[in-house]
Amino acid sequence: MDDFIDGLSEVACDVLVIGGGTAGPMAALKAKQKNPALNVVLLEKANVKRSGAISMGMDGLNNAVVPGYATPEQYTKEITIANDGIVDQAPVFKYASRCYDIIQELDRFGIRFQRNANGDYDLKKVHHLGTYVLPMPNGETVKKALYRQLKRERILISNRFMATRLLTAKDGRIAGAVAVNTRTSEFLVLRAKAVILCMGAAGRLGLPHSGYLFGTYENPTNSGDGYAMAYHAGAALANLECYQINPLIKDYNGPACAYVAGPFGAYTANSEGKRFIESDYWSGQMMQEFYNELQSGKGPVFLKLNHLHPDTVGEIADILHRVERPSRGRFHTARGTDYRETMIEMHISEIGFCSGHSASGVFVDEYARTTVPGLYAAGDMASVPHNYMLGAFTNGAVAGEHAAEAAQETDLPDYDPDVVRFERTRVLAPTRREDGIPPNQLEYKVRRLVNDYLQPPKVTSRMRIGQQRLAEARQDLETALVARNPHELMRSLEVSSILDCADMAAHASLYRTESRWGLYHNRIDHPEKDDENWCCHALLRKVDGRMISEKRAIQPYIVPIETEERTAYERLRVSNQA
Amino acid sequence: MATFDPFEDFGDAEEIVGRLSDADPAVRRLAVIDLSETATPDVLLHLLAMVEDSDAAVRLQVAIALGDFDTIDTAGGLVKLVMDPDGSVASAAADSLAELKDPAAAPPLLSLGTHPDAFVRASGFRGLKGLRSRIALGPALNAMSDESAQVRGEALGVIAYLKLEETLPSLIAATRDAEASVRAEAVNALSFTKQLAAATAVAAALRDDVWQVRAAAAQSLGRIGQAFAVGSLVAGLADEYWQVRQKCLSALGSLKAQSAVADISAQLASDLPSLRKEAAAALGEIADPSARQALMAHASDTDPDVRKTVRWALTRIG
Amino acid sequence: MPLALSPTAIPVIVDEAKCIADKGCTVCVDVCPLDVLRISDLTGKAYMKFDECWYCMPCETDCPTGAVTVNIPYLLR
C-alpha cells in the first residue's frame, strides 16, 4: 500500500455510478432492479461501507412528504418560495411525489424511522409551515443496510478509485470515465452507456475558522470532484452563486441540529437568550439573519437548551451524540460544556456548493438528466434545491431507473484513447516532480483565498482580485505541485477540484448582478433583488475551454404561487445588511 | 504495465468457513464478520453453528451478524443467544431480534415469554412488537401483570401496535401501572381510538404524579378528540410544569375548544415565549373572533415566533 | 523547493493490546472515508498515518474489539 504501481485496466459496463454515498447506492440498486441483465458498476473514492455525507448515519429525514402530514403540492410551493422563486418545479414535485415510497423501501432495508406508541410514523413539526421531520432512531446503521442491499443485488463495487474525468464520444454522448486508485495510482478506464454522478457537495471549498483543513461541515471527501468533472465534460451547472452556508456549533463544525432539538423545544438564540430568526423555511434568508445577529451587539449566537427539563436535554444529547456526528459529545465534554447549564456557542460554516441545503448544483431535469446526453446527476451535487438525504435517495432512484432504460437502447460509445493518454499525463504530473509544493499547502492557500475573497458579503472588486490570486495558485498547481505517494496524489487531485470550484464560485457570483437568497448571494454593491432581470437560472458551462455563464428561463410553475403567499413571506424579511 | 481486477469480491464462503474453526478466537471472530458481509443466506447455517462457540466475543459477533439477515431462520439462533450468560451477547441478540420483520418469527419469540429472566422475557416481547402478529396478543395481555416493569413496557408495545379496540381495558388498566414509563406509554397508545372510556382514563392521567405522564396525557387527548376533555385540559393550564401547560394548549387547539378561549388567551401573558406561541397557535386553530383583541395585543411581541404565530392566527380569524 | 516535516498531534489512537489487525482485521482501515489509517509493517497493528481526520468515528464504532479511540483534533478543541 502507498507505493506507486504503473497499471491500467479497462472495464465496460452498462451503467456506471460514480460515488457510493447516499444517492449512488440507491441509483445502482434501482438500475439493477429495473433490468437485472445490466452490468452496473458503483465506483467509490473511499469504501461504500462508510462513505459520503452519511458515513456515520443521519438523525432523521428533514423533508419527508408523508400522506396525512403534507402534500407534494404544498412541499413544492414551500421550496419555491424558500428558494426565491428560482426553481424548476418538475424535479421538486417528482421528488415530493416519490419520496414516501422510498421511505417505505428504506424501512424494508432495516432503517428504522421513529414510530409513535401505536407503530405509526411519528413526524415532527419543526417550522411554521408543513410537517416534514421524521427522526431515525437507528440512523447510524443506514450505510450498513445499503451496503448489504448492494451485495445482495450483486452490484459490482469498486472501492478506493477516484474518478478524475468523464469520457465523451465524438457525438458528445457520455462514454465513461477515467479513475485512479487512491492507494496505488493505477488507472482504470470505465466505459459505460450511461453515467450517474453522485459525488456529493463541494464541501471543502471554504476554510473552517479552526484552520483545520478537514474540519468542514461536509464530509471532507466531498471535495467537489463531481462539480469539476461535470464542468470539464461540458455539462451546465446551475446557480452556483447560491452558496451553501450553514449554522453550526462553533469550532466543532457539526450541524446545529435545529431539526433534532427543535421538536423538543430548543431554539437558536442570541446572547440574551432570545429568539431572533424570522424566516420559516431553512434558507439563505435565515442565514442572513443568523449572520446579522452574529455581527451585532447581541451576538454571538447560541443553541439554547438550558430552559428544558434535564430529562429532555438528556434525550436530545442521546440522539445528537450517537448519530451523524457522534464525536460532538466528546467535543463538549472536553470543554466542560453541559447543555443543561449553558447555551452552546454557534457560528456559520465555511462556504460550499450543495443543493442538499441550498440550490447550487449540476443542472438536472425531473429525470436527473444533465445537459450532456447519457450523463445523470443526483444527490447533493445535482440542482434540485433543499433536497437533503431523502432527496439524494429519491433522485438517485429516479436517475438509476432512467439510466437503465437509456442504457438498454444504446450501444457502448467509443472514446478517444488520446484523451486517456492525456489524462494520465495530467494526473501523474505531480508524481514526476522531485520537490515542489505539497497538496496540503496548496489546498490551504486556495481555501484561504476563498474565505478572503469569495465568501459573502460579496464585493465585486474583491472577487476580481480573488480571481487573480486563484489564477496564480493554478500556475502552482500546474507547475509545482508534488505528490510523493498515491495518497498525496489523491489529495492533489482534490485540490484541483477545489480550485475549479473556487473559479466557478467567483465567476457565477460576478455574473448575477443582484442580491438574492439572503446571505448566500448577498452582493454589497448590488444590494437589491432584481426580479425584472434576474428571476431566472444562471447556468455556467465550459465552452471551447472557457468558462461562460448564461441565463435560462424558469420552467412555468406546475404549482402556482399566489402573489399574496409570496408577499406574506416577503414581509418576514429582514435587511441584508448587518 | 500491470492490469488488475478493480472489483470487490463477493467473498469465498468456503475459505471463510474454514477459518470458523481456527483455534484463535480473534480469527474466528473476523471470519464471522467476513461471512456476514457476503450477505448471502447460504452462509446462515455456518453462522448458526457458531452460536455455541466457547468464546463470548465470537458469540457477540454472531449475535450482531444474525441481525443483518432479514429471515426467520435467524430466530432460533438469536433466541439461544438472548439467553447467553454473557450480558453483551444477550443484549446484542435482543437488538438483533428487534430487527426481524416476518410475522412467521413470532412462535420462537413467544417461547421467551415464560423465561425466568426478565431481560429475556422483555426481549421476546420487544422483538414481537414490530411483527404485529395477532398470536402474540394473548401472551402480551398476560404479561401486563408481569412483576418486571421492563416486561410490562415491552408487552404494552406489542398490544399497542395491534391497535385493537378489544385491548382497551388492558391499555386503560396500564394507565394506572406502578411504573411511570409504562403509564406514559399506555396514555400515548390510547390515542388510536375515539372511545370515551379511553379519553376518560387519559383525562385522569392529567393528574398523574409524574409530569411526563401528564404531558403525554395532554397530547393524547388532543389526538383522541373528545370534547368532554376540555375541562380537564383547562385545569391542566395551571400545571406546575410549563411542558404540561404547553401540551394542554396544543390539545385545546386540536379540540377547537371555543369555551377555553379566555383561559388560553390568559396564557398569552406568560413569561415563556414557547407558551405564548402555543397559546397563539391554539387560538388560531379555534379561530374564534373573541380572541382577536388578545392576539392583537401581541402583534409586536418581542419573540419572532410568537409574532409570526399571532399573525397567522389573526389571518385565520379573518 | 525542498520539503520539511512538521509535527502534528494526531486525533486517532489505537490500543495495540486490543487491536487484532495482526490476525487479519482491516475494519478501521476499510471504513475510514479519508483513508488515513494503515496497518504498521513493524507492529502489525493499526495506526493513524495521515492527520486528515473528520472525527466521524466509523473506525471507533466498527472496530470489533474496541481498540480505536477518536479524539477531537487539537485545533478544534
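Per chain, the residues get numbers from 1 upward, laid out in the order the sequence is written. Chain labels run from A onward and ligand labels from 1 onward, assigned in the order the entries are written. Only residues with pLDDT of at least 70 get local features here, since the model is predicted, and only at 80 or more are side-chain atom pairs given and counted; chain-wide, interface and lining totals rely on the full set of residues.

Visitor: Teacher, can you tell me more about the overall build of chain B here?
Guide: Looking only at helices and strands, chain B has 20 helices and zero strands in total. Every radius of gyration here is taken over C-alpha atoms, with the globule rule written as 2.2 Å times N^0.38, N being the number of residues. Relative to a compact globule of 318 residues, whose C-alpha radius of gyration would be 20 Å, chain B shows 27 Å and is clearly more extended. Along the longest, intermediate and shortest principal axes, the C-alpha atoms of chain B span 80 × 65 × 30 Å. Here a residue counts as buried when 20 or more other C-beta atoms sit within 10 Å of its C-beta, as exposed when there are 12 or fewer, and as partly exposed otherwise, the C-beta atoms being derived from the backbone. A burial count over chain B gives 52% of its 318 residues as buried. Contacts in chain B between residues at least 24 apart in sequence constitute 63% of all its contacts with a sequence separation of at least 6. Helix and strand definitions here come from DSSP, where helices need a minimum of 4 consecutive H or I residues and strands a minimum of 2 consecutive E residues; each element is numbered from the N-terminal end. In this description, any two residues whose backbone-derived C-beta atoms lie within 7 Å of each other are considered to be in contact.

Visitor: What am I meant to see in the interface of chain A and chain C here?
Guide: Accessible area lost during the coming together of the parts is what is often quoted as the interface size. Counting from both sides, the interface comprises 29 residues of chain A and, opposite them, 23 residues of chain C. Considering every element that reaches the side of chain A that touches chain C, the biggest residue donor is helix α9 (residues 328-335) of chain A, with three residues. The nonpolar class holds Ala, Val, Leu, Ile, Met, Phe, Trp, Tyr, Cys and Pro. Asp, Glu, Lys and Arg form the charged class, and all remaining residues, Gly among them, are polar. Broken down by class, the residue content of the side of chain A that touches chain C amounts to 12 nonpolar, 12 polar and five charged.

Visitor: What am I meant to see in the sheet that holds strand β17 (residues 546-552) of chain A here?
Guide: In any sheet, the strands associate via hydrogen bonds between backbone groups, in a parallel or an antiparallel arrangement. All names here are of chain A. Should DSSP find at least two bridges between two strands, the strands are taken to pair. As summarised here, the arrangement of the four strands in space is β14-β9-β16-β17, forming an open sheet in which the pairing is antiparallel. The open sheet has two edge strands, β14 (361-362) and β17, and neither has a second partner. Here strand β16 (residues 537-543) pairs with β17 via seven bridges, running antiparallel. Paired with Ala538 across the bridge in β17 is Lys551.

Visitor: Explain the interface of chain B and chain A here, please?
Guide: Every contact between the two is made by 29 residues of chain B and, on the other side, 29 residues of chain A. Sorting the residues of the side of chain B that touches chain A by element identifies α10 (149-162), α12 (180-189), α18 (273-286) and α20 (304-317) of chain B as the ones contributing at least two each. Residues that form the side of chain B that touches chain A fall into these classes: 13 nonpolar, six polar and 10 charged.

Visitor: Can you help me understand the pairing of strand β13 (residues 344-348) of chain A in this one?
Guide: On a regular strand, one side chain projects to one face of the sheet and the next to the other, so that they alternate. Residues and elements named next belong to chain A. Along β13, the buried face is formed by Ile344, Met346 and Ile348; none of Glu345 and His347, which line the opposite face, is buried. In this sheet, β13 lies alongside strand β10 (residues 247-249) in antiparallel orientation, the contact comprising three bridges. Residue pairing in the sheet places Pro247 in a bridge with Ile348 of β13. Judged from the three bridges that link them, strand β12 (residues 301-304) and β13 form a sheet pairing that is antiparallel.

Visitor: I would appreciate a short explanation of the confidence of the model for chain C in the present structure.
Guide: Caution applies to low-pLDDT regions: their predicted coordinates should not be interpreted in detail. How sure the predictor is of each residue is captured by pLDDT, a score from 0 to 100. Summary statistics for chain C give a mean pLDDT of 95 and a share of 100% for residues scoring 70 or more. Note on the complex model: pTM 0.96, ipTM 0.98.

Visitor: How should I be thinking about the environment of Lys529 of chain A in this particular structure?
Guide: Residues and elements named next belong to chain A. You can see Lys529 is positioned in the loop between α14 (486-511) and α15 (531-534). Counting along the chain gives 71 residues from Lys529 to Lys458, while the straight-line C-alpha distance between them is 14 Å. Aside from chain neighbours lying at most four places away, what touches Lys529 is Glu514, Ser515 and Arg516.

Visitor: I keep staring at the pairing of strand β8 (residues 187-197) of chain A and nothing clicks. Help me out?
Guide: Residues and elements named next belong to chain A. The buried count for β8 comes to 10 of 11 residues, which makes it a mostly enclosed element. Two strands pair when backbone bridges link them, and strand β7 (residues 174-181) and β8 are joined in this way by five bridges, in the antiparallel orientation. Bridge pairing in β8 places Ala177 opposite Leu190. Hairpin connection of β7 to β8: five residues between the antiparallel strands, including Ser185 at a positive phi of 65°. The pairing of β8 with strand β15 (residues 375-377) spans three bridges and is classified as parallel. Looking at β15, one finds that Leu197 is bridged to Ala377.

Visitor: Explain helix α1 (residues 23-34) of chain A to me, please; I cannot follow it from the model alone.
Guide: For an α-helix, 3.6 residues make a turn, and residues three or four places apart therefore share a direction. All names here are of chain A. Multiply 1.5 Å by the residue count of a helix minus one, and that product is the helix's expected span. Taking 1.5 Å of rise per residue, the 12 residues of α1 would be expected to cover 16 Å, and the 16 Å separating its terminal C-alpha atoms lies within 8% of that figure. Within α1, 10 of the 12 residues are buried, leaving the element largely enclosed by the surrounding structure. Inspection of α1 places Ala23, Gly24, Pro25, Met26, Ala27, Ala28, Leu29, Lys30, Ala31 and Lys32 among the buried residues, and these make up the whole buried set. Here the buried face of α1 lies against β1 (8-18), β2 (40-43), α4 (142-152), β8 and α10 (388-408).

Visitor: Looking at this model, I keep getting lost on the nonpolar core. Mind explaining?
Guide: Most often, soluble globular proteins have nonpolar side chains that are buried together. Ranked by internal contacts, the top residues of the largest apolar core, which has 322 residues, are Val15, Val17, Ile196, Leu197 and Leu237 of chain A. The split into domains, and so the bounds of each, comes from an automatic or database assignment of domains. Counting only domains with at least three residues in this core, you end up with domain 1 (8-200 + 364-417) and domain 2 (247-348) of chain A. Among buried residues, those of type Ala, Val, Leu, Ile, Met, Phe, Trp, Tyr and Cys that are joined through C-beta atoms within 7 Å form a set called a nonpolar core.

Visitor: Quick question: what am I supposed to make of the packing of α1 of chain A against α10 of chain A here?
Guide: Any two packed helices are characterised by how steeply their axes cross, that is the angle between the axes, and by the distance between the axes. Residues and elements named next belong to chain A. At a minimum axis distance of 7 Å, the contact between α1 and α10 shows a crossing angle of 35°. Crossing geometry of α1 relative to α10 is assigned as right-handed. Counting all contacts with α1, which are made through Ala23, Gly24, Met26, Ala27, Ala28, Leu29, Lys30, Ala31 and Lys34, the residues of α10 involved are Ala392, Phe393, Asn395, Gly396, Ala397, Ala399, Gly400, Glu401, Ala403, Ala404 and Glu405. Residue composition of the contact of α1 with α10, by class: 12 nonpolar, four polar and four charged. Comment: axis = line fitted to C-alpha atoms, over the contacting stretch for helices; angle = value between 0 and 180 degrees taken between N-to-C directions. Whether a crossing is left-handed or right-handed is set by the direction in which the near helix is turned from the far one by less than a right angle, anticlockwise for left-handed and clockwise for right-handed.

Visitor: Would you mind going over unusual backbone geometry with me for this structure?
Guide: A negative phi holds for most residues other than glycine; trans holds for most peptide bonds. Here the residue pair Gly299 of chain A and Pro300 of chain A is connected by a cis peptide bond, since its omega of -10° sits within 30 degrees of zero. If you trace the backbone, Pro300 of chain A turns up in the loop between α7 (284-295) and β12. Backbone torsion omega between Pro456 of chain A and Pro457 of chain A reads 0°, so that peptide bond is classified as cis. Relative to the elements of secondary structure, Pro457 of chain A occurs in the loop between α12 (439-454) and α13 (460-479). Positive phi is not limited to glycine here, since Asp84 of chain A has a value of about 55°. Along the polypeptide, Asp84 of chain A turns up in the loop between α2 (72-82) and α3 (89-109). The exposure class of Asp84 of chain A is buried, given the 24 C-beta atoms found within 10 Å. With phi around 55°, Ala287 of chain B is a residue other than glycine that occupies positive phi space. Inspection of the secondary structure puts Ala287 of chain B in the loop between α18 and α19 (292-296).

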